[in-house]
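Understanding the architecture of this molecule
Read off the chains here:
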Amino acid sequence: MTQKKLRAAAGFRVGIVAARFNQQVTGKLLRACTDTLAVCGVAAHNIQVARVPGAFEIPLVARTMARSNRFDAVICLGAVIRGDTPHFDYICSEVSRGIGQVALDTDVPVIFGVLTTDTVAQAVERADPKKFNRGGDAAKSAIEMVLVMRQVKAVGKTSDVSPSSGLRPTAQRRAN
Ligand code: INI
């Protein structure tokens, strides 16, 4: 990442909502996310982390953060792993709908860093910073979206608003 992009995220204020359920996965997502924010220049004192019991509880806290005017972006982290019950489908559908709704209702970028997998092994792989690194990707998406929203809102800007060249996801392979 270039020095220019590192400076671009300095001063950004980021809220993170992280589920405790499947802590062995969400802990990794959270660490990778805060590490990447730090690398991108976001100061520790500008990051607030809220832990919630499970993914189902993420949207409410994300909405409270987004409405507070204290954050430029909110990152949601969780891991929903399929069991033998329909619980998985209900939680996935509610958390994805809720997170999307928060962004549209508040105009604050709200990043979907919730893994939805069939197995624990898949979730661990996607959280691993040396593999899919979805926590790091969530941080990069947040920074990119703050920059995009600022450019879109700025008067007289008509050029390409994507600052993404230095913020590519770790793996382009399809994975949730
Ligand atoms: N919460 C998760 O974050 N991941 C899961 O895989 C999960 N499963 O499988 O049940 C889960 N359930 C808890 C749920 O999110 C709520 O915390 C709970 O229902 C209380 O509202």
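Residues numbered from 1 in each chain as written. Predicted model: local features only at pLDDT ≥ 70, side-chain atom pairs only at ≥ 80, totals over all residues. Heavy atoms only, no water.

**Focus on the overall build of the protein chain**
The helix and strand inventory of the protein chain stands at 6 helices and 4 strands. Reading the protein chain from its N terminus to its C terminus gives the helix and strand order α-β-α-β-α-β-α-β-α-α. Buried residues in the protein chain amount to 45% of all 176 residues. Partitioning the intrachain contacts of the protein chain with sequence separation of at least 6 by distance along the chain shows that 77% fall at a separation of at least 24. Total accessible area on the protein chain stands at roughly 9,400 Å², and carbon and sulfur atoms take up 53% of it. (Helix = DSSP H or I, 4+ residues; strand = E, 2+ residues; numbered from the N terminus. Buried < 20%, exposed > 50% of the residue type's maximum accessible area, 1.4 Å probe, protein only. Contact = heavy atoms within 4.5 Å. Areas by Shrake-Rupley, 256 points an atom, 1.4 Å probe, with all protein chains shown as cover.)

**Quick word on the pattern of salt bridges**
Tallying each qualifying case throughout the model produces 6 salt bridges. In this structure, R82 engages D118 in a salt bridge whose closest nitrogen and oxygen atoms are separated by 3.1 Å. Residue R82 is found in the loop between strand 3 (73-81) and helix 4 (87-106), and its partner D118 is found in the loop between strand 4 (110-117) and helix 5 (120-127); the two are separated by 36 residues along the sequence. For D118, a relative accessible area of 45% corresponds to the partly exposed category. Each member of the salt-bridge network shares a partner with another, and the members are R13, D72 and R150. (Salt bridge = Lys/Arg side-chain N within 4 Å of Asp/Glu carboxyl O.)

**With respect to the sheet that holds strand 3**
Pairing in this open sheet of 4 strands is parallel, and the strands run 2-1-3-4 from one edge to the other. The open sheet terminates on both sides in strands that have one partner only, identified here as strand 2 (47-52) and strand 4. Averaged over neighbouring strand pairs, the angle between their axes works out to 15° when direction is ignored. Here strand 1 (residues 14-19) pairs with strand 3 via 5 bridges, running parallel. Across the sheet, V17 pairs through a bridge with C76, a residue of strand 3. Lying over the sheet, helix 5 contacts strand 3 and strand 4, oriented at roughly 145° with respect to strand 4. (Pairing = 2+ DSSP bridges. Axes fitted to C-alpha atoms, helices over the stretch in contact; angles between N-to-C directions.)

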